[in-house]
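Spelled out, the chains give:
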Amino acid sequence: AEDIRSFTEFSLTFFLTILTSIIDLVAFSFILFSIMPQLFIAIFLFASIGTILTVCIGKVLIRLNYESLQKEADFRFSLVRVRENAES
């Protein structure tokens, strides 16, 4: 029962945070667009380019992290084999 309450509480808080953020984004976007459309377009483009670059760099970092973990695991495995062979 405690797990279900914790999960539903977290889910509800997360949903309300997302909903509030979306409403704020839309409201402030309309306000900024009505004041200065060029600035709104520039900010939108800047955010879009930043998001695209972050996704591209993130994909590379995920691959590099995986390769690093794989090499570390292989190294630990080799060290265990060396220790086993040294003991026998």
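Residues numbered from 1 in each chain as written. Predicted model: local features only at pLDDT ≥ 70, side-chain atom pairs only at ≥ 80, totals over all residues. Heavy atoms only, no water.

1. Digging into the pattern of salt bridges
Once the charged atoms of two side chains with opposite charge are near each other, the side chains can pair. Tallied over the entire structure, the rule returns 4 salt bridges. Arginine 63 is the salt-bridge partner of glutamate 67, the closest N and O atoms lying 3.3 Å from each other. Of this pair, glutamate 67 and arginine 63 both sit in helix H2 (residues 37-87), 4 residues apart, which is roughly one turn of that helix. The exposure class assigned to glutamate 67 is partly exposed, which follows from its relative accessible area of 33%. The class of arginine 63 is partly exposed, set by a relative accessible area of 44%. Arginine 81 is the salt-bridge partner of glutamate 84, the closest N and O atoms lying 2.7 Å from each other. Of the two residues, glutamate 84 and arginine 81 both sit in helix H2, 3 residues apart, roughly one turn of that helix. On the accessibility criterion, glutamate 84 (42% relative accessible area) is partly exposed. Residues participating in the shared-partner salt-bridge network are Glu2, Arg5 and Glu9. (Salt bridge = Lys/Arg side-chain N within 4 Å of Asp/Glu carboxyl O. Helix = DSSP H or I, 4+ residues; strand = E, 2+ residues; numbered from the N terminus. Buried < 20%, exposed > 50% of the residue type's maximum accessible area, 1.4 Å probe, protein only.)

2. Structural notes on the environment of threonine 13
For threonine 13, the position within the fold is in helix H1 (residues 2-35). Along the sequence, threonine 13 and isoleucine 62 sit 49 residues apart, while their C-alpha atoms lie 29 Å from each other.

3. A word on the packing of H1 against H2
The description of two packed helices rests on the angle between their axes and on the distance between the axes. Between H1 and H2, whose axes approach to 5 Å, the crossing angle comes to 130 degrees. In terms of axis orientation, H1 runs oblique to H2. Here Ser29, Leu32, Phe33 and Ile35 of H1 come into contact with H2, specifically with Pro37, Leu39, Phe40 and Ile43. A class-by-class count of the residues in the contact of H1 with H2 yields 7 nonpolar, 1 polar and no charged. (Axes fitted to C-alpha atoms, helices over the stretch in contact; angles between N-to-C directions. Parallel < 35°, antiparallel > 145°, perpendicular 65-115°, else oblique. Contact = heavy atoms within 4.5 Å. Nonpolar A, V, L, I, M, F, W, Y, C, P; charged D, E, K, R; others polar.)

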